[in-house]
Amino acid sequence: RVALKVILPDLGTSEEAMDRFRQEGQLASSISHPNCVFVLEADQQGEYPYIAMELVKGTDLDEHVRENGPLEILDALRKTIDLIEGLEEAHRLGVIHRDVKPSNCFLTEDGRVKIGDFGLSRTLAEDAQLTMTGSFIGTPLFASPEQIRAEELDDRTDVYSVASTLY
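Here we summarise the structure given alongside this text. Every value quoted in this text rests on a predicted model; they were computed, and no experiment measured them.

Reading guide: rules and limits
- Residues numbered from 1 in each chain as written.
- Predicted model: local features only at pLDDT ≥ 70, side-chain atom pairs only at ≥ 80, totals over all residues.
- Heavy atoms only, no water.
- Helix = DSSP H or I, 4+ residues; strand = E, 2+ residues; numbered from the N terminus.
- Buried < 20%, exposed > 50% of the residue type's maximum accessible area, 1.4 Å probe, protein only.
- Contact = heavy atoms within 4.5 Å.
- Areas by Shrake-Rupley, 256 points an atom, 1.4 Å probe, with all protein chains shown as cover.
- Salt bridge = Lys/Arg side-chain N within 4 Å of Asp/Glu carboxyl O.
- Pairing = 2+ DSSP bridges.
- Axes fitted to C-alpha atoms, helices over the stretch in contact; angles between N-to-C directions.
- Core = buried A, V, L, I, M, F, W, Y, C linked by side-chain atoms within 4.5 Å.
- Lys, Arg positive; Asp, Glu negative; His and termini not counted.

This next bit is on the overall build of the chain. The secondary structure content of the chain amounts to five helices and seven strands. For the chain, the α and β elements follow one another from N to C terminus as β-α-β-β-α-α-β-β-β-β-α-α. Among the 167 residues that make up the chain, the fraction classed as buried is 43%. Taking as baseline every contact in the chain between residues at least 6 positions apart, the subset at least 24 positions apart corresponds to 63%. With the model as given, the accessible surface of the chain reaches about 9600 Å², and the carbon-plus-sulfur share is 53%.

Tallied over the full model, the rule gives nine salt bridges. Between Asp 99 and Lys 101 there is a salt bridge, with the nearest N and O atoms lying 3.6 Å from each other. Given the relative accessible area of 17%, Lys 101 is considered buried. Salt-bridge contacts for Asp 154 lead to Arg 156; the nearest nitrogen and oxygen are separated by 2.6 Å. Residue Asp 154 is classed as partly exposed on the basis of its relative accessible area, which comes to 24%. Look at Arg 156 and you get exposed, because its relative accessible area is 58%.

Quick look at the sheet that holds strand E2 (residues 39-45) now. Ordered by their spatial adjacency, three strands build an open sheet running E1-E3-E2, and the pairing between neighbours is antiparallel. Here the strands that pair on one side only, and so sit at the sheet edges, are strand E1 (2-6) and E2. Geometrically, the sheet is characterised by an average inter-axis angle of 20 degrees between neighbouring strands, direction not taken into account. Summarising the sheet, E1 and strand E3 (residues 48-54) pair through five bridges and their orientation is antiparallel. Within E3, the position partnered with Val 6 by the bridge is Tyr 50.

Let us now look at the nonpolar core. The biggest cluster of nonpolar side chains holds 24 residues, and the ones touching the most others in it are Leu 83, Ile 115 and Phe 118. When residues of this core are traced back to their parent elements, those giving at least two are helix H1 (15-29), E3, helix H3 (73-92), strand E5 (105-107) and strand E6 (113-115). Leaving out residues up to four positions away in the same chain, Ile 115 has contacts with Asn 35, Cys 36, Val 37, Leu 83, Gly 86, Leu 87, His 97, Asn 104 and Cys 105.

This part takes up unusual backbone geometry. Positive phi, close to 70 degrees, is recorded for Arg 98, a residue that is not glycine. Inspection of the secondary structure assignment puts Arg 98 in the loop between strand E4 (95-96) and E5. One non-glycine residue with positive phi stands out, namely Ala 150, at about 55 degrees. Mapped onto the fold, Ala 150 is located in the loop between helix H4 (145-148) and helix H5 (156-166).

The next subject is the pairing of E2. As paired strands, E2 and E3 are joined by six bridges and run antiparallel to one another. Considered in E3, the bridge of Val 39 is made with Met 53. Hairpin connection, E2 to E3: the antiparallel pair is bridged by two residues, and Gly 46 has positive phi, about 65 degrees.

With respect to the helices and strands, the residue Asp 158 is situated in helix H5. No salt bridge is formed by the buried Asp 158. Its closest oppositely charged neighbour is Arg 98, at 7.4 Å. Every residue in contact with Asp 158, bar those within four places of it in the chain, is listed here: Leu 87, His 91, Ile 96, His 97, Arg 98 and Val 100.

Position of Leu 4 relative to the elements: it lies in strand E1. Counting along the chain gives 48 residues from Leu 4 to Ala 52, while the straight-line C-alpha distance between them is 4.7 Å. Non-local contacts of Leu 4, meaning those with residues more than four positions away in its chain, are made with Tyr 50, Ile 51 and Ala 52.

In structure tokens:
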């Protein structure tokens, strides 16, 4: 069993959205770490691009907190360390996530966290940002001030978002 992420062309998706989707598959498939959702394949079948990834059996942090209330301090710290370790590997490979938030932190059956949804990620090595200059993309409640101001970003933007997620 896998999780499939697809963009259906009949939804009137822009070429920019299709490019961002392809980039997500390429970048996420380059990361192999126990605290990152594994991408098994990123390809296209006819006119349908898809990303096949590990199916994480569980929920995400957002849903978990909504259903169960705030995490105990030690549990929150353990989960945050899982998140940091996954992002550390992405950063080591030159990838910044740009959309770290509770709904992108997937809980495994044993309560560990895997970071997923690299849909807004980009590389630091090349300016592969697929947004227009001066535009904001992300989730405002968890985004760093420089991200909201559409300024140049580095891995510190993810560090800010991790702290917002912990809060």
